[in-house]
Amino acid sequence: MTEFKISIIVPCYNKEQYVRQCIESVIHQTIGFANIQLIIINDASSDLSGEYISQYAEQYPNNIVYICLEENVGQANARNIGIERVNAPYLMFLDSDDWLAEDYCESMLAPTFKTECDLVQCGYIEYRKDGTKVNRENSIRNHSKLVSLKKVDDRKKYLANNNLAGVIGRSVYRTAWLNEHNIRFVKFNKYEDNYFAGIVNYSIGTIYIVPKCLYYYRILEKSNFHSRNDKDHFERLRLNIVLIDYYKETRLWDQYYENIRDSFLDGFYINTLHIIFCQFDGIPIDQIKYMQKTVKELFPDYLETIIKPEQEMMQELLLTVEFDHFTVDDWRQMAKYYRAYRGGITSAFDFLLCILWRNWSILQINKQ
């Protein structure tokens, strides 16, 4: 049996326009394709994706494991199916509309030859529809060493200053570690990656950061984060509640309360407000009220997070919005200013003035 150095799991559903570039980027890795096991799960595609994958599987029968599903099971289940076929000490997940830098595998596996790493991560590049590229390397700057997260204090400090979540493709996992902890994806309508990363964040023992951007993440209009007026965006709310239940069932809630709180406020509230402001034509006020009620119930000390020096100004502003009294019109005005800020039309200071004015006006009315 061929001894592969890494297994690459690619779920594919109707990506005929991109899947060949994805596969080609794996075939032409600098470590040599002979060292790579490519596992492709055709999730009942109705376009030409399956035909293209079959051609590659026939050409490279020793390297490509082609799994063709008759019914669509979703990306989470497809990835889990791929994990069961892994035959290498390390594995990674590659979306079929993304691709790899040619030295991805070489750079990501290099640290594993010197020491055993549970997780290796790099930066990634957003490739947008207009051809522009944006490097996402903030979380990997000033890193190029093995970091141990086996002590509670070390993990607290690392999670407070780094974000292990995000694009799953920028991560290479040690297969034995993943199986020992029985970490798998759970099916949600969107954002399965966030749940997976939320488990990994508090389970990983050692991590090595490669200070390069090696993964190309294609931004599509219909992608999880960018689709408009899609109620499935609110799956991120259910997902974060499920994570909270998991943390409470274990010792993690007590050990890492502040880390969990800050991550929850970001994923459940701040990022969801961003999506509402930027991706919805109307304001789903019921969802916002539910978000606010949940934050207050779970984390009555939520405002403590805004005094942290690493907190971004925009997060501080959104967390200080008066929770109880904003009307739909107030939120519409907020969304307008927020979009103007994101588009560079107005400054964070102008946005702050908007928040202060709306809050002050409401409080004055309530005093009467």
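Calculation notes
- Residues numbered from 1 in each chain as written.
- Predicted model: local features only at pLDDT ≥ 70, side-chain atom pairs only at ≥ 80, totals over all residues.
- Heavy atoms only, no water.
- Salt bridge = Lys/Arg side-chain N within 4 Å of Asp/Glu carboxyl O.
- Helix = DSSP H or I, 4+ residues; strand = E, 2+ residues; numbered from the N terminus.
- Buried < 20%, exposed > 50% of the residue type's maximum accessible area, 1.4 Å probe, protein only.
- Pairing = 2+ DSSP bridges.
- Phe/Tyr/Trp six-rings, centres within 6.5 Å; stacked < 30°, edge-to-face > 60°.
- Lys NZ or Arg CZ within 6 Å of the ring centre and 35° of its normal.

> Mind showing me how you'd approach the pattern of salt bridges here?
If the charged atoms of two oppositely charged side chains come close together, the side chains can form a pair. A complete count under the given rule lists 13 salt bridges for this structure. We note a salt bridge from Asp118 to Arg174, for which the minimum N-O separation is 2.9 Å. Taken as a pair, Asp118 in the loop between helix H4 (104–109) and strand E6 (119–127) and Arg174 in strand E9 (residues 171–174) lie far apart in primary sequence, 56 residues in all. The buried category is assigned to Arg174, whose relative accessible area is 12%. Salt-bridge contacts for Glu235 lead to Arg238; the nearest nitrogen and oxygen are separated by 2.8 Å. One end of the pair is Glu235 and the other is Arg238, both in helix H8 (residues 235–249) and 3 residues apart, which spans about a single turn. Relative accessible area serves as the criterion here: at 9%, Glu235 is assigned to the buried category. Relative accessible area serves as the criterion here: at 41%, Arg238 is assigned to the partly exposed category.

> What's the story with the pairing of E9 in this structure? I'm lost.
Taken residue by residue, a regular strand's side chains alternate between the two faces of the sheet. Covered by surrounding structure in E9 are Ser171 and Tyr173 together with Val172 and Arg174, the residues of both alternating faces. As paired elements, strand E4 (residues 90–93) and E9 share 3 bridges and run antiparallel to each other. Directly across from Met92, in E9, lies its bridge partner Val172. Note: E6 against E9, 3 bridges, orientation antiparallel. Bridging across to E9, Val120 finds its partner in Val172.

> Could you clarify how one ought to interpret the packing of aromatic side chains in this entry?
The description of two aromatic rings rests on the distance between their centres and on the angle between their planes. The full count for this structure, using the stated rule, is 22 aromatic pairs. With a centroid separation of 5.9 Å and an interplanar angle of 85°, the aromatic rings of Phe93 and Phe196 are classed as edge-to-face. Within this pair, whereas Phe93 is found in strand E4, its partner Phe196 is found in helix H7 (residues 192–200), the two being separated by 103 residues in sequence. When sorted by exposure, Phe93 lands in the same class as Phe196, which is buried. A ring pair is formed by Phe185 and Phe196, whose centres lie 4.0 Å apart and whose planes are at 10°; its orientation type is stacked. Of this pair, Phe185 sits in the loop between helix H6 (175–180) and H7 while Phe196 sits in helix H7, and the two are 11 residues apart along the sequence. Taken as a pair, Phe185 and Phe196 share a single burial class, namely buried. Feature note: the residues Trp253, Tyr257, Phe264, Phe268, Tyr290 and Phe299 constitute an aromatic cluster, connected by ring pairs. The ring of Tyr52 is capped by Arg20, whose NZ or CZ atom sits 3.9 Å from the centre of that ring.

> Explain unusual backbone geometry to me, please; I cannot follow it from the model alone.
A negative phi angle characterises most non-glycine residues, just as the trans form characterises most peptide bonds. A positive phi angle is found at Asn182, which is not glycine, with a value near 50°. Structurally, Asn182 is set in the loop between H6 and H7. Although it is not a glycine, Tyr191 sits at a positive phi angle of roughly 65°. On the secondary structure map, Tyr191 appears in the loop between H6 and H7.

Function cannot be read off these values alone, since they describe shape.
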